[in-house]
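# Structure assessment
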Amino acid sequence: MNKYYLLSYLMALLNLILAICFIFFIDELNFNNVMYQYFLLYLLTLLLALCFYKIGEDYEFKLKYPTLSKVNKK
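These remarks concern the structure in this document.

Definitions and cut-offs
Residues numbered from 1 in each chain as written. Predicted model: local features only at pLDDT ≥ 70, side-chain atom pairs only at ≥ 80, totals over all residues. Heavy atoms only, no water. Salt bridge = Lys/Arg side-chain N within 4 Å of Asp/Glu carboxyl O. Helix = DSSP H or I, 4+ residues; strand = E, 2+ residues; numbered from the N terminus. Expected span 1.5 Å × (residues − 1). Buried < 20%, exposed > 50% of the residue type's maximum accessible area, 1.4 Å probe, protein only. Contact = heavy atoms within 4.5 Å. Phe/Tyr/Trp six-rings, centres within 6.5 Å; stacked < 30°, edge-to-face > 60°.

Here the focus is the pattern of salt bridges. By the definition in use, this model includes 1 salt bridge. Asp-58 serves as the salt-bridge partner of Lys-54, at 3.4 Å between the closest nitrogen and oxygen. Residue Lys-54 and its partner Asp-58 are located together in helix H3 (residues 35-64), separated by 4 residues, close to a single helical turn.

Right, let's talk about H3 for a bit. In this model H3 runs 44 Å from its N-terminal to its C-terminal C-alpha over 30 residues, within 8% of the 44 Å that 1.5 Å per residue would give. Those residues of H3 that fall on the buried side of the exposure criterion are Tyr-38, Thr-45, Ala-49 and Gly-56. Those residues of H3 hidden inside the fold are in contact with helix H1 (3-24) and helix H2 (26-31).

Right, let's get into H1. Over its 22 residues, H1 extends 32 Å from the first C-alpha to the last, a length consistent with the 32 Å expected when each residue adds 1.5 Å. In this fold, the buried residues of H1 make contact with H3.

All right, on to the packing of aromatic side chains then. When we look at a pair of aromatic rings, we describe it by the centre distance and by the angle of the planes. According to the stated counting rule, one finds 5 aromatic pairs in the structure shown. Judged by centre distance (5.6 Å) and plane angle (70°), the ring pair of Tyr-4 and Tyr-59 falls under edge-to-face. Placement of Tyr-4 in helix H1 and of Tyr-59 in helix H3 is noted, with a sequence separation of 55 residues between them. According to the relative accessible area criterion, Tyr-59 is partly exposed, its value standing at 36%. Ring geometry for Phe-22 and Tyr-38: centres 5.6 Å apart, planes at 15°, overall stacked. Taken as a pair, Phe-22 in helix H1 and Tyr-38 in helix H3 lie far apart in primary sequence, 16 residues in all.

Below you can see the structure in the form of structure tokens.
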């Protein structure tokens, strides 16, 4: 497992924790008018998890098939 996969799994875990907290603290977030910022934070962690997973896939492919990655560069 490379570092990008590890980062994507950590970001997915953080995203899950944010989702659970969102469910339990939705009334307090709505009362303090931070619902929009919290939703943007949730989307940002989701985007980062997807980006790190995609980078990890590309990194693993280049390690597994180095000759194909050289052919695709031409």
